[in-house]
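# Close look at the chain arrangement
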Amino acid sequence: MKKKTSLSVSGFALAVLLCSCSAPKDQSGFPLILPKEKPGRKLSAAMERNYSAYMAPRPEHNELYSQFKYTELKGLDYSNHDGTITRRDPSKVIFANGKYYVWYTHRHTPTPPQGPERCTDTIPARDWDLSEIWYATSEDGFTWEEQGVAIPRPPKPNPGWRSVSTTDILEWKGKYYLYYQAFQIHPSKRGDDCPVAVSYADSPDGPWTPTNKIVIPNGAKDEWDGYSIHDPYPLVYKGKIYLYYKSDFDGDPRWVRMQGLAIADHPLGPFKKHPLNPIINSGHETTLFPFKEGIAAFVIKDGNEHFTVQYARDGVNFEIASITELMPIAAGPFVPDAFTNTQFGKGITWGICHNTWVKGHSLLMRFDCDLSLDVNDPLMKAHRYSYKPEFYYEHGLKKEQRKRIEDETRKLKGE
Ligand code: AAL
């Protein structure tokens, strides 16, 4: 019987195939000077995309392309980086009372994290276990003065009794709201599971009143956000509160991480999750800002589209706007129009992010960029970084990889 061959050509490949078949025989070569506008000629899929998918055919003219520059913050102590103090997952930065404010996860425990099987009521399982929400202020965005706790862990059985972490700030009608991950199960059970709770205050300096309620609930156990509602990130958009968040799903060991959206008319909810969730198919911590008529997003670390800046003209349907590198992790940008319900977002130039490379704890650092319609900083628009050879060698082969390669060579030699 004749063996059936199934030709499974993806739609994209088919388009390319048809495109190349219909390529004109006689058009001249593509011009030496890259046209600023899409030229009137048959284009390959890649050149079509270069004019349709990005805000400019060259990165240096693309308002949503930028490199990132980093600066060590002054004023914050990490106990000689012994892992007993962590600061991570900073909020957006706001400007009030003549200074900058930032909130973040703060852990100060007798030891660094010891894992879910060895943790206790005082020994943390993870970097963000047994944590509180603290805040700091700054006159210049480089030197910060820690002000202390904003949101302590509430008593059992309130949401967050085990740990409160990964906060973000909303200013709405003169009041302030801090949303945060509220851990209420022992870490030895399902890992990073939590809903989101919220506290409110009349001043960014507090005092903060907890609602002691879950404001963004987990989804159903068979849904993508059934276990973790992470990285709550509120913006004011189209007259409502657009709260973006991340969830880990699909299951260990390699979690899938995607982002969703919940919308409310009031900061204390009810929040309605968007029916198109997940609305960002990659990324990790959430970082977004109003840009022109829509919302722009940092999509970092995980997923097919990691290390991109994305844009949704409607705040929901995100497309890749640029590809970049060395993006800030868990970035909390200074977003001047985060809460103004702007009709034309101007973008961002700096913020606070974290680095978790030093074992056992994390530290905050400042990032700067040019993703702003009000700034033109060519030094932020180079196409690439250069890395020293040592940096490449730090990312070397594992022993088993080297052995596989040596076996392949021996096989070639007939050994
Ligand atoms: C962070 C965030 C959330 C996770 C953990 C602490 O990067 O994604 O806050 O729960 O890691």
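Structure's up top.
Residues numbered from 1 in each chain as written. Predicted model: local features only at pLDDT ≥ 70, side-chain atom pairs only at ≥ 80, totals over all residues. Heavy atoms only, no water.

### Details of the overall build of the protein chain
- From N to C terminus, the protein chain includes four helices and 21 strands.
- The C-alpha radius of gyration of the protein chain comes to 24 Å, within 12% of the 22 Å expected for a compact globule of 415 residues.
- Overall, the C-alpha framework of the protein chain stretches about 75 × 60 × 50 Å when taken along its three principal axes.
- Residues classed as buried in the protein chain amount to 47% of the 415 residues present.
- In the protein chain, 54% of the contacts between residues at least 6 apart in sequence involve partners at least 24 apart. (Helix = DSSP H or I, 4+ residues; strand = E, 2+ residues; numbered from the N terminus. Rg over C-alpha atoms; globule rule 2.2 N^0.38 Å. Buried < 20%, exposed > 50% of the residue type's maximum accessible area, 1.4 Å probe, protein only. Contact = heavy atoms within 4.5 Å.)

### Concerning the pairing of strand S20 (residues 345–355)
- The element S20 is largely enclosed, with a buried count of eight among its 11 residues.
- Pairing geometry for strand S15 (residues 287–292) and S20, over two bridges, is antiparallel. Bridged to Phe-291 within S20 is Lys-346.
- Pairing of strand S19 (residues 329–333) with S20, which is carried by three bridges, proceeds in the antiparallel orientation. Residue Gly-332 lies in a different strand from S20, and its bridge partner there is Ile-352.
- Across eight bridges, the pairing between S20 and strand S21 (residues 363–372) is antiparallel. Paired with Gly-351 across the bridge in S21 is Phe-367. (Pairing = 2+ DSSP bridges.)

### Re helix H4 (residues 399–412)
- Here H4 spans 20 Å end to end across 14 residues, near enough to the 20 Å set by a 1.5 Å rise per residue.
- Following H4 by one or two positions, Gly-414 adopts a phi angle in the positive range, close to 70°. (Expected span 1.5 Å × (residues − 1).)

### Some points on the sheet that holds strand S10 (residues 209–216)
- Strand order in the open sheet formed by four strands is S7-S8-S9-S10, and the pairing between neighbours is antiparallel. Edge strands, defined here as strands with exactly one partner in the open sheet, are strand S7 (163–172) and S10. Each adjacent strand pair in this sheet contributes to an overall mean axis angle of 30°, direction not counted.
- Here four bridges tie strand S9 (residues 196–201) to S10, and the two strands are oriented antiparallel to one another. Note on S10: the bridge partner recorded for Ser-199 is Pro-210. (Axes fitted to C-alpha atoms, helices over the stretch in contact; angles between N-to-C directions.)

### Remarks on the site of the ligand
- Surrounding the ligand, one finds Arg-88, Asp-89, Trp-128, Thr-166, Gln-181, Asp-192, His-230, Asp-231, Lys-246, His-284 and Glu-285.
- Between the ligand and Thr-166 there is a distance of 2.6 Å, counted from an oxygen atom to a side-chain nitrogen or oxygen.
- For the ligand, an oxygen atom lies 2.9 Å from a polar atom in the side chain of Lys-246.
- Burial of the ligand by the protein chains amounts to 97% of its free accessible area of 280 Å².
- Looking at the shell around the ligand, its residues break down into one nonpolar, four polar and six charged. (Near = heavy atom within 4 Å. Polar contact = N/O pair within 3.5 Å; in protein donor to acceptor, adjacent residues only side chain to side chain. Areas by Shrake-Rupley, 256 points an atom, 1.4 Å probe, with all protein chains shown as cover. Nonpolar A, V, L, I, M, F, W, Y, C, P; charged D, E, K, R; others polar.)

### A closer look at the environment of Phe-318
- Note that Phe-318 resides in the loop between strand S17 (308–312) and strand S18 (319–323).
- Separated by 39 residues in sequence, Phe-318 and Ile-279 place their C-alpha atoms 7.0 Å apart.

### Let's talk about the packing of aromatic side chains
- Counted under the stated rule, the structure contains 25 aromatic pairs.
- The ring of Tyr-78 has Arg-87 lying over it, and the distance from NZ or CZ to the ring centre is 4.7 Å.
- Above the face of the Tyr-233 ring, Lys-92 is positioned so that its terminal group lies 4.4 Å from the ring centre. (Phe/Tyr/Trp six-rings, centres within 6.5 Å; stacked < 30°, edge-to-face > 60°. Lys NZ or Arg CZ within 6 Å of the ring centre and 35° of its normal.)

### Remarks on the sheet that holds strand S14 (residues 272–273)
- With antiparallel pairing, four strands are arranged side by side in an open sheet as S11-S12-S13-S14. With partners counted over all chains shown, the strands left at the sheet margins are strand S11 (230–237) and S14, one partner each.
- Alignment of strand S13 (residues 256–264) against S14, held across two bridges, turns out to be antiparallel. Looking at the pairing, Ile-263 lines up with Lys-272 of S14.

### Observations regarding the pattern of salt bridges
- Under the counting rule described, the total for this entry stands at 24 salt bridges.
- Arg-162 is paired through a salt bridge with Asp-129; the nearest N and O atoms lie 2.6 Å apart. One end of the pair, Arg-162, is in the loop between strand S6 (144–151) and S7; the other, Asp-129, is in the loop between strand S4 (99–108) and strand S5 (132–138), with 33 residues separating them in the sequence. In this structure, Arg-162 and Asp-129 share a single accessibility class: buried.
- We note a salt bridge from Lys-346 to Asp-374, for which the minimum N-O separation is 3.6 Å. Linking Lys-346 in strand S20 with Asp-374 in the loop between S21 and helix H3 (389–393), this pair joins segments that are 28 residues apart in sequence.
- Asp-374 sits in the exposed class, given a relative accessible area of 54%.
- Through salt bridges with shared partners, one network takes in Asp-231, Lys-246, Asp-248, Arg-257 and Asp-302. (Salt bridge = Lys/Arg side-chain N within 4 Å of Asp/Glu carboxyl O.)

### Section: the side chain of Asp-231
- Turning to its location among the elements, Asp-231 is positioned in strand S11.
- Ignoring any residue separated from it by four or fewer positions in sequence, one finds Asp-231 in contact with Asp-89, Thr-166, Gln-181, Tyr-244, Tyr-245, Lys-246, His-284, Glu-285 and Thr-286.

### Some details on the environment of Leu-178
- In this fold, Leu-178 is placed in strand S8 (residues 175–183).
- You can call Leu-178 buried: its relative accessible area is 0%.
- Sequence-wise, Leu-178 and Ile-133 are 45 residues apart; in three dimensions their C-alpha atoms are separated by 9.2 Å.
- The contact partners of Leu-178, leaving out residues within four places of it in the chain, are Trp-103, Ile-133, Ala-150, Ile-151, Thr-167, Asp-168, Ile-169, Ala-197, Val-198, Ser-199 and Trp-208.

### Here we look at the side chain of Gln-181
- Along the polypeptide, Gln-181 turns up in strand S8.
- In this structure Gln-181 comes out as buried when scored by relative accessible area, which is 3%.
- Polar contacts involving the side chain of Gln-181 include one to the main-chain amide nitrogen of Asp-231, which spans 2.9 Å.
- Other than its neighbours up to four places away in sequence, Gln-181 contacts Ser-163, Val-164, Ser-165, Thr-166, Cys-194, Pro-195, Ile-229, His-230, Asp-231 and Pro-232.

Take it as geometry only, folks, not as evidence of what the structure does.
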